[in-house]
2 protein chains.
Amino acid sequence: MKKEVVIAGAGLVGSLLSIYLSKRGYKVKLYERRPDMRKETMSAGRSINLALSDRGLLALEKVGLSDEIKKIAIPMHGRYIHNADGTTAFQPYGKEGQFINSVSRATLNCKLMDLAEQHGTEIFFDHKCDTIDWENNTIHFELPNSQQKKEEFDLLFGADGAFSATRLQHQLQHPKFEYHQYYIDCGYKELTIPPTPSGEFAMEVNALHIWPRKDYMLIALPNLDKTFTCTLFFPYEGKFSFEKLDTEEKVKVFFETNFADAVPLMPDYINEFFTNPTSSLVTVKCYPWVRKDKFALIGDAAHAIVPFFGQGMNCGFEDCRVLDELIDKYSENWETILEEYQELRKPDGDAIADMAIANFTEMRDKTADPVFLLQKKIEARIHEKHPDKWIPAYSQVTFSPQIRYSTAYNNALRQEIIMQHVMLKPGIAEKWDSEEIEKLILEKVSRR
Amino acid sequence: MKKEVVIAGAGLVGSLLSIYLSKRGYKVKLYERRPDMRKETMSAGRSINLALSDRGLLALEKVGLSDEIKKIAIPMHGRYIHNADGTTAFQPYGKEGQFINSVSRATLNCKLMDLAEQHGTEIFFDHKCDTIDWENNTIHFELPNSQQKKEEFDLLFGADGAFSATRLQHQLQHPKFEYHQYYIDCGYKELTIPPTPSGEFAMEVNALHIWPRKDYMLIALPNLDKTFTCTLFFPYEGKFSFEKLDTEEKVKVFFETNFADAVPLMPDYINEFFTNPTSSLVTVKCYPWVRKDKFALIGDAAHAIVPFFGQGMNCGFEDCRVLDELIDKYSENWETILEEYQELRKPDGDAIADMAIANFTEMRDKTADPVFLLQKKIEARIHEKHPDKWIPAYSQVTFSPQIRYSTAYNNALRQEIIMQHVMLKPGIAEKWDSEEIEKLILEKVSRR
């Protein structure tokens, strides 16, 4: 008998997981706290566009969805940097032909829910997880009219996001639960660049635009409707901060001084600045993720991360793929499956969480630093010539789903030490593409 | 009009706080989840005796309780080390006349509740905090018969321990709550050394007994009834662990091998080992602790720490004293009081949490290390001769309530660096009490 599966959370990860399990013949019930987003209009202003890359695509491919999703995705081949002095620069993400994809969260989520239903998943909206009875394997929901509903499960997945209600029930009835929840000092605010009067994209479309300003940054990702969704990552407090920019005049002066080339493209930014919410950026690490053969956390509920590596969704999708492979490996012996799922994914979740925080510094600060750019150029050259010996950290995370996040993190730390030596070589700016430097790097790599 | 104060948790800190506030004329209602411990018998087996030291005593003094408490306390002048080879050694905690106090948690708690009621505090037992309505300043309780009760407050204190229910309500309705909860790899188990057949203490009474064995340790604290409460701190998993000691025979062999001199004193240890619960040791750090002028966390609810510095209760009592001083300083302007309370106590709570974890290594491992003991001897000598220039870290924490925990922690780190240099001096074992070493240390101190 196939187990009866309940999944809490019909977001991206919960929906994809339900497809994986329904396709295997499990009876899946997917419970979502919110109304059906396919019928209601989304609350706007806190979306941060998704950057779908190879890990996410690989997981979608396995359920036959990657081609369809590619149709609604806009390739971004690199970072388009808008410097403070008005100059711009393009920094490719990887080798020729490698790119990440700007995707609308709402569109992708709707497609996943449609597909889940086609495969037999039952979706229940407006059901808020209230309590879980771990003795009797029953989850209790609260409905909008204060009605209660309970559902028995053989197997429960908590795919209910960074502030997971199932995780809280798990934590409250666990004698040794590790939990870490912490915020970075910056919040974010969504702004919009509409199409030009002639109906075109207002900037280069196939890029992720960044205005790096050290302590803060503005970014912009393209949408299919020819708008860009901009996100300002900005300190809550301090000299330049949400707290200080408290009048329209101050916002105007700040933007005109710091994002001069963006201001003409954002006709409504002052209004949006005061109307759209300021959202915060949390990291969540916890342990354990599973309870015997009956419960597992997955996606943000297990490992919420900040968005600066574009890996939140990709990591959650990879959770689903890894879990699916383990179902084959252990012939549906769920205790073993969940145990190994946790053993594999916990260190990977921790690694991408730390890398994502580190990447904030890289995006807002180093992308405007000539030494950093030279280093990236050197690494790209070595990667091009010796792809078996050197893969830049960004490429390992973004374009190499065969490399685990935890391995990529270790590699990145080791490579960074090598590159710090290399960058200290006298005259590196002149001889960066010389045989001497190439030899030096390869020698250091081989000595690992 | 004095505010109406509700305190959640009638443990040590909640009870003491209610005394402080009742004495000031506030109307205090103290709500406790458990039944009245003065009427019911305590669930035994997870108490870890308290080590009351100067910070706790100072806080008790301010409400006139310290003399009465001293009557039920047993002075412990130092560590009495039981080495693996059967030798023993006594390590004084401080200078002549400095000591810490073994106190029964239950006795102390009962005395504090009595005094609270004498000062006008109303105590309600069997009231479990369910939810808090922060808009309407109302706390909802659940009673044993499933009845509900609500209580309005002007000011609410969460003194409800490491797994605080009020903290959870605070967290759930806070946009940027930092939360860290983590366990050490060891759990603990309570065992008992009864009086000798002639009714005497079975070991030296005025000491804290330690059997340091690197990865684990046994400790024993004296009680007024001439018993010792022993606590085994022991890994959950691994070669020697709770997991592995799963038969009476294995427990017997393990104890006879490792705690040979303790075994004859513990006639019932094998039974206790399997009957008493294995408890875990959590650290909790969180932020913020307060909500405007209406809520503050205090004691373990704000900063649960492991017991290895004997500071959990002392730190919580110090919270009460500091808060009381701030009430005077800011003439009952509660928003300012709570803000500064948090600003002062959060870094101190973090510091003692970290020092307490570090002290586990010291107790279970270093107290048996000759180099460490020599270092302590050198430090004690310098402290004796130059008390204004050098106070050992342990003494700063334990006997110097005028030094903040955070300051003590910084001092300790700096002193440790100095001592590492000193201990590397060739021939240090011979010249440890020489003028040369004394000069060297004083010179390094003055160069800070």
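Our subject in this report is the structure included herewith. (Residues numbered from 1 in each chain as written. Chains lettered and ligands numbered in written order. Predicted model: local features only at pLDDT ≥ 70, side-chain atom pairs only at ≥ 80, totals over all residues. Heavy atoms only, no water.)

What follows is about the overall build of chain A. Within chain A, the regular secondary structure consists of 15 helices and 19 strands. A compact globule built from 448 residues should have a C-alpha radius of gyration of about 22 Å, and chain A, at 23 Å, falls within 12% of that. Taken along its principal axes, the extent of the C-alpha atoms in chain A is 70 × 60 × 40 Å. A burial count over chain A gives 55% of its 448 residues as buried. When the accessible surface of chain A is summed, it comes to about 19500 Å², and 50% of that surface belongs to carbon and sulfur atoms. Distance between charge centres in chain A, computed from 55 positive and 66 negative side chains, equals 3 Å. (Helix = DSSP H or I, 4+ residues; strand = E, 2+ residues; numbered from the N terminus. Rg over C-alpha atoms; globule rule 2.2 N^0.38 Å. Buried < 20%, exposed > 50% of the residue type's maximum accessible area, 1.4 Å probe, protein only. Areas by Shrake-Rupley, 256 points an atom, 1.4 Å probe, with all protein chains shown as cover. Lys, Arg positive; Asp, Glu negative; His and termini not counted. Charge placed at Lys NZ, Arg CZ, Asp CG, Glu CD.)

In this section: the pattern of salt bridges. Applying the stated rule across the entire model yields 66 salt bridges over all chains. With a closest N to O distance of 3.0 Å, Arg55 of chain B and Glu318 of chain B form a salt bridge. With a gap of 263 residues between them, Arg55 of chain B in helix H2 (residues 54-61) and Glu318 of chain B in helix H9 (residues 312-329) connect regions that are remote in the sequence. Of the two residues examined, Arg55 of chain B and Glu318 of chain B, each falls in the buried class. Between Lys226 of chain B and Glu200 of chain B there is a salt bridge; the shortest N-O distance is 3.8 Å. Taken together, the residues span a long stretch of sequence, with Lys226 of chain B in the loop between strand E15 (217-222) and strand E16 (228-235) and Glu200 of chain B in the loop between strand E13 (178-193) and strand E14 (208-212) at a distance of 26 residues. Classification of Lys226 of chain B by relative accessible area gives partly exposed; the value is 29%. Given a relative accessible area of 40%, Glu200 of chain B falls into the partly exposed group. In the salt-bridge network here, residues are joined through shared partners; they are Arg24, Arg55, Lys62, Glu318, Asp319, Arg321, Asp324, Glu325, Asp328, Arg345, Asp348 and Arg404 of chain A. (Salt bridge = Lys/Arg side-chain N within 4 Å of Asp/Glu carboxyl O.)

All names here are of chain B. Examined bridge by bridge, strand E5 (residues 78-82) and strand E6 (residues 88-92) share 5 bridges and lie antiparallel to one another. By the bridge assignment for E6, Arg79 is matched with Gln91. Linking E5 to E6, which pair antiparallel, is a turn of 5 residues; within it Gly86 sits at a positive phi near 95 degrees. (Pairing = 2+ DSSP bridges.)

For the rest of this paragraph, the subject is the sheet that holds strand E19 (residues 295-297) of chain B. All names here are of chain B. Taken in spatial order, the 6 strands of this open sheet run E8-E2-E1-E12-E19-E18, and their pairing is mixed. The sheet is open, and its two borders are formed by strand E8 (122-124) and strand E18 (290-291), each paired with just one other strand. Bridge count between E18 and E19: 2 bridges; the pairing is antiparallel. Following the sheet pairing, Arg291 is matched in E19 by Phe295.

This part takes up the sheet that holds strand E10 (residues 138-142) of chain B. Residues and elements named next belong to chain B. The strand order across the open sheet built from 3 strands is E9-E10-E11, with neighbouring strands paired in antiparallel fashion. Both edges of this open sheet fall to strand E9 (128-133) and strand E11 (148-152), since each of them pairs with a single strand only. Between one strand and the next, the sheet's axes are offset by a mean angle of 25 degrees, whatever the strand orientation. Two elements, E10 and E11, share 5 bridges in a ladder whose sense is antiparallel. Across the sheet, Glu142 pairs through a bridge with Gln148, a residue of E11. Lying on the sheet, helix H5 (residues 165-172) is in contact with E9 and E10; it crosses E9 at an angle near 25 degrees. (Axes fitted to C-alpha atoms, helices over the stretch in contact; angles between N-to-C directions. Contact = heavy atoms within 4.5 Å.)

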